[in-house]
Amino acid sequence: MRVETLVLTEYQSNCYLVESEGEAIIIDPGAPSLELIERVSGLRVKCLLNTHAHPDHIGGDEYLKQKLGVPILLHRAEQELFRWIWGESLQPDQTLTEGDVIRLGRLSFEVLHTPGHTPGSITLLERAERMLFTGDLLFAGSIGRTDFPGGSDSELRKSLQRVVKLEGDWRIYPGHGPQTTLSHERWTNLFLAELVL
């Protein structure tokens, strides 16, 4: 199992390449990237997975779909936002719902619907490796914004509480900034202070 991070876009968005047993998925390709194409050479890329449909997380979808011929997946509640950004030129190939599982080699990514930043934001949970790809829900020392259209502070708090209550420790791969761990964020992230009491 391998996770590589590419920082794309002027917003320093994290794009993740996850590989297991010769298969790969690409999470949140925020911009077209020749480097990403080169890094997946020799791998069977299964899909592009979007944690949500803001431009800095889906900006590379069209380019990568054309280059790799792989499906685009995102939560069904993000379809309107996706359409607003791409118009009729691009459509998601599959919509996701709570509990869906994306298999990659020996890994299984479970879809958690974690709205708040956007209505269809998701967190991808992999239990065997104890990994969370949180998109713009949770960052090292911070949390997602809710002041964009479709954002909801109350929904974000519910989603954060759900993640914070996961048992044990998890490696967090956020949409922006450095990796962290759930244990570290539980005890140092001031935005989570009242959620862990």
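Preceding this section is the structure that the text describes.
Residues numbered from 1 in each chain as written. Predicted model: local features only at pLDDT ≥ 70, side-chain atom pairs only at ≥ 80, totals over all residues. Heavy atoms only, no water.

Chemist: A description of the sheet that holds strand E5 (residues 72–75) should follow, citing residues and the corresponding values.
Modeler: The six strands lie next to each other as E1-E2-E3-E4-E5-E6, forming an open sheet whose pairing is mixed. Where the open sheet ends on each side, the last strands, each with one partner, are strand E1 (2–8) and strand E6 (94–96). The mean inter-strand angle of the sheet, taken between neighbouring strand axes irrespective of direction, is 25 degrees. Where E1 lies against strand E2 (residues 13–20), seven bridges are found, and the strand directions are antiparallel. From the neighbouring strand, Val 7 faces E2, where its bridge partner is Asn 14. Relative to strand E4 (residues 44–49), helix H3 (residues 61–68) is tilted by about 160 degrees, and along the sheet it contacts strand E3 (23–27), E4 and E5. (Pairing = 2+ DSSP bridges. Helix = DSSP H or I, 4+ residues; strand = E, 2+ residues; numbered from the N terminus. Axes fitted to C-alpha atoms, helices over the stretch in contact; angles between N-to-C directions. Contact = heavy atoms within 4.5 Å.)

Chemist: Give a detailed account of the pattern of salt bridges, specifying residues and quantitative values.
Modeler: Close approach of charged atoms lets side chains of opposite charge pair. A complete count under the given rule lists twelve salt bridges for this structure. Shared partners join several salt bridges into a network, and the residues in it are Arg 2, Glu 4, Glu 19, Glu 35 and Arg 39. (Salt bridge = Lys/Arg side-chain N within 4 Å of Asp/Glu carboxyl O.)

Chemist: For the packing of aromatic side chains, give the residues involved together with the corresponding values.
Modeler: Within this structure, the stated rule accounts for four aromatic pairs. Plain terms: the ring middles of Tyr 16 and Phe 133 are 5.2 Å apart, the flat faces sit at 75 degrees to each other, and that makes the pair edge-to-face. Note that Tyr 16 is positioned in strand E2 and Phe 133 in strand E10 (residues 131–135), a separation of 117 residues in sequence. Residue Tyr 16 is classed as buried on the basis of its relative accessible area of 2%. Under the relative-accessibility criterion, Phe 133 is labelled buried at 1%. Where Phe 133 meets Tyr 173, the ring centres are 4.7 Å apart and the plane angle is 15 degrees; that geometry is what we call stacked. In this pair, Phe 133 is assigned in strand E10 and Tyr 173 in strand E13 (residues 171–174), connecting sequence segments 40 residues apart. Comparing Phe 133 with Tyr 173 shows no difference in burial state: the two are buried. Here the aromatic cluster, defined as three or more aromatic residues joined through ring pairs, consists of Tyr 16, Phe 109, Phe 133 and Tyr 173. The ring of Trp 170 has Arg 130 lying over it, and the distance from NZ or CZ to the ring centre is 4.2 Å. (Phe/Tyr/Trp six-rings, centres within 6.5 Å; stacked < 30°, edge-to-face > 60°. Buried < 20%, exposed > 50% of the residue type's maximum accessible area, 1.4 Å probe, protein only. Lys NZ or Arg CZ within 6 Å of the ring centre and 35° of its normal.)

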